Amino acid sequence: MDDPFVIADREFGSRLIMGTGGAANLAVLERSLLAAGTELTTVAMRRMDAAGGTGVLDLLRRLGIEPLPNTAGCRTAAEAVLTARLAREALETNWVKLEVVADERTLLPDSVELLDAAQQLVDDGFVVLPYTNDDPVLALRLEEVGCAAVMPLGSPIGTGLGIRNPHNIELIVSRAGVPVILDAGIGTASDAAQAMELGCSAVLLATAVTRAQDPERMAAAMRGAVEAGRSALLAGRIPQRFWAQASSPAR
Amino acid sequence: MLVVVNGTERELADGSTVADALAVIDAPPTGIAVAVNGEVVRRAEWASTALAQGGSVEVLTAVQGG
């Protein structure tokens, strides 16, 4: 692969990780995932209901997309660790997107519980991808306990507010020894491109696509944005200047 | 005996196992995981893990999310 994206021991061709939440139905989700070209997509763990459906899992398997279970809804390290272990049983994967949120209103990560859960899960053999605040110090701590990537938010989940503190994301990228994945807050294609231009290895998004007026079209836009942002980073942008610099010869 | 399965009380025969509780709720054979009283019970142990009166069984599966 020309520019592979590697997490732990796995190589991905796509740098766009998708979520499945918010899609109106599985048919729309399928078209969106195909348009996104994603190879890794999150699912949540919930009580099996009377309908007994495992439809989303069947869909991902059919499309050849690796399911990435998350611990959404967990508020403590103990809840998140149990949910991750259940996901490992149900999905037969030791990968987990670790989410431990502090409250329902902001859905911001609870850093103390997150670090505790990350340590426990790494010790238990998981490949841990933690959803974290855009905190450069915490990102290092998560890496130190053995997380396979760090996934800072651009802004709170589902807000579409984009990357509120680009400098923090750059700081995280500049010191990280593991992939940095911009997770949460992406609203539109330019946000995804910006994440990649800032040096993130990948972008994880759901709402921006699943709740767009035309999810399939937005998924394609996100795919293009991630690819364009990555190419721009590798191409090396020009420095920003205060004064104009003529691009045509003077005579 | 009464056992709570995914929040609903169920009457199960004494000596029932995790596998018996799963049969009662028509759980699919794959794509699910089980916790009894907050501890994961691995698939290989479903048929041999006996439930007790008042026990709590949680059956989870993957849904859209994240």
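Use the structure listed above.
From a predicted model like this one, the values you see are computed outputs, not experimental measurements.

Trainee: Lay out the overall build of chain B with the relevant residues and their values.
Mentor: From N to C terminus, chain B includes one helix and five strands. Secondary structure elements in chain B, listed N-terminal to C-terminal, are β-β-α-β-β-β. By the compact-globule yardstick of 11 Å for 66 residues, chain B fits well, its C-alpha radius of gyration being 11 Å. Projecting the C-alpha coordinates of chain B onto the three principal axes gives extents of approximately 40 × 25 × 20 Å. Within chain B, the proportion of its 66 residues that are buried is 36%. A sequence separation of at least 24 residues applies to 55% of the contacts in chain B between residues at least 6 apart.

Trainee: Describe in detail the sheet that holds strand E8 (residues 151-152) of chain A, supporting the description with residues and values.
Mentor: Strand pairing within a sheet occurs via backbone hydrogen bonds; the two strands may be parallel or antiparallel. Residue and element names in this part refer to chain A. The parallel open sheet is built from three strands, whose spatial order is E6-E7-E8. Two strands lie at the open edges of the sheet, namely strand E6 (95-98) and E8, each paired on one side alone. In this sheet, strand E7 (residues 127-132) lies alongside E6 in parallel orientation, the contact comprising four bridges. Within E7, the position partnered with Leu98 by the bridge is Pro130.

Trainee: Describe the interface of chain A and chain B, with residues and values.
Mentor: If you look at the interface, chain A gives 28 residues, while chain B gives 21 residues. Every element with two or more residues in the side of chain A that touches chain B is listed here: strand E4 (40-47), helix H2 (55-63), strand E5 (66-69) and helix H3 (77-91) of chain A. Looking at the side of chain A that touches chain B element by element, the count peaks at seven residues for H3 of chain A. Taken together, the residues that form the side of chain A that touches chain B break down as 16 nonpolar, seven polar and five charged.

Trainee: Account for the packing of helix H7 (residues 189-197) of chain A against helix H9 (residues 215-235) of chain A, naming residues and giving values.
Mentor: Residues and elements named next belong to chain A. In contact at an axis separation of 7 Å, H7 and H9 are set at 30° when each is read in the N-to-C sense. Classified by the interaxial angle, the pair formed by H7 and H9 is roughly parallel. Handedness of the H7/H9 crossing: right-handed. Two secondary-structure elements touch here, H7 through Ala189, Ser190, Ala192, Ala193, Gln194, Ala195, Met196 and Glu197 and H9 through Ala221, Met222, Gly224, Ala225, Val226, Ala228, Gly229, Arg230, Ala232 and Leu233. Residues belonging to the contact of H7 with H9 are distributed by class as follows: 12 nonpolar, four polar and two charged.

Trainee: Explain the nonpolar core to me, and be specific about the residues and the numbers.
Mentor: All names here are of chain A. Ranked by size, the top nonpolar core spans 102 residues in total, and within it Leu98, Ile181, Ala192, Cys200, Val203, Leu205 and Met222 carry the most contacts. For this core, the element with the highest residue contribution is H3, accounting for nine residues. Not counting chain neighbours up to four residues away, the residues in contact with Ile181 comprise Ile17, Ala149, Met151, Cys200, Ser201, Ala202, Val203 and Leu204.

Trainee: Outline the pairing of strand E3 (residues 32-36) of chain B, supporting the account with residue identities and numerical values.
Mentor: Residues and elements named next belong to chain B. Of all five residues in E3, four are buried; the element is thus mostly enclosed. As paired strands, E3 and strand E5 (residues 56-64) are joined by five bridges and run antiparallel to one another. The partner of Ile32 across the bridge, within E5, is Thr61. One ladder, built from three bridges, connects E3 with strand E4 (residues 39-41); its direction is antiparallel. Looking across to E4, one finds that Ala35 is bridged to Val40. The hairpin formed by E3 and E4 contains two residues between the paired strands, and Asn37 there has a positive phi angle of roughly 50°.

Trainee: Account for the environment of Leu59 of chain A, with residues named and values stated.
Mentor: Residue and element names in this part refer to chain A. Within the secondary structure, Leu59 sits in helix H2. The exposure class of Leu59 is buried, given the 20 C-beta atoms found within 10 Å. Taking the C-alpha atoms as reference, Leu59 lies 9.4 Å from Ala27; in sequence the two are 32 residues apart. Non-local contacts of Leu59, meaning those with residues more than four positions away in its chain, are made with Leu26, Leu29 and Glu30.

Trainee: For H9 of chain A, give the residues involved together with the corresponding values.
Mentor: Residues and elements named next belong to chain A. Taking 1.5 Å per residue as the helical rise, H9 with its 21 residues ought to reach 30 Å, and the 30 Å between its terminal C-alpha atoms agrees with that figure. Along H9, the residues classified as buried are Pro215, Met218, Ala219, Ala221, Met222, Arg223, Ala225, Val226, Gly229 and Arg230. Among the residues trailing H9, Gly236 stands out with phi positive, at a value near 85°.

Trainee: How would you summarise the packing of H3 of chain A against helix H4 (residues 111-123) of chain A if you had to cite specific residues and measurements?
Mentor: All names here are of chain A. In contact at an axis separation of 8 Å, H3 and H4 are set at 35° when each is read in the N-to-C sense. Considering the relative orientation of H3 and H4, their crossing is right-handed. Along the contact surface, H3 presents Ala77, Ala80, Val81 and Ala84, while H4 presents Glu113, Asp116, Ala117, Gln120 and Leu121. Within the contact of H3 with H4, the residues separate by chemical class into six nonpolar, one polar and two charged.

Criteria and cut-off values
Residues numbered from 1 in each chain as written. Chains lettered and ligands numbered in written order. Predicted model: local features only at pLDDT ≥ 70, side-chain atom pairs only at ≥ 80, totals over all residues. Helix = DSSP H or I, 4+ residues; strand = E, 2+ residues; numbered from the N terminus. Rg over C-alpha atoms; globule rule 2.2 N^0.38 Å. Buried ≥ 20, exposed ≤ 12 C-beta atoms within 10 Å, placed from the backbone. Contact = placed C-beta atoms within 7 Å. Pairing = 2+ DSSP bridges. Nonpolar A, V, L, I, M, F, W, Y, C, P; charged D, E, K, R; others polar. Axes fitted to C-alpha atoms, helices over the stretch in contact; angles between N-to-C directions. Parallel < 35°, antiparallel > 145°, perpendicular 65-115°, else oblique. Left-handed = near helix turned anticlockwise from the far one by under 90°. Core = buried A, V, L, I, M, F, W, Y, C linked by C-beta atoms within 7 Å. Expected span 1.5 Å × (residues − 1).

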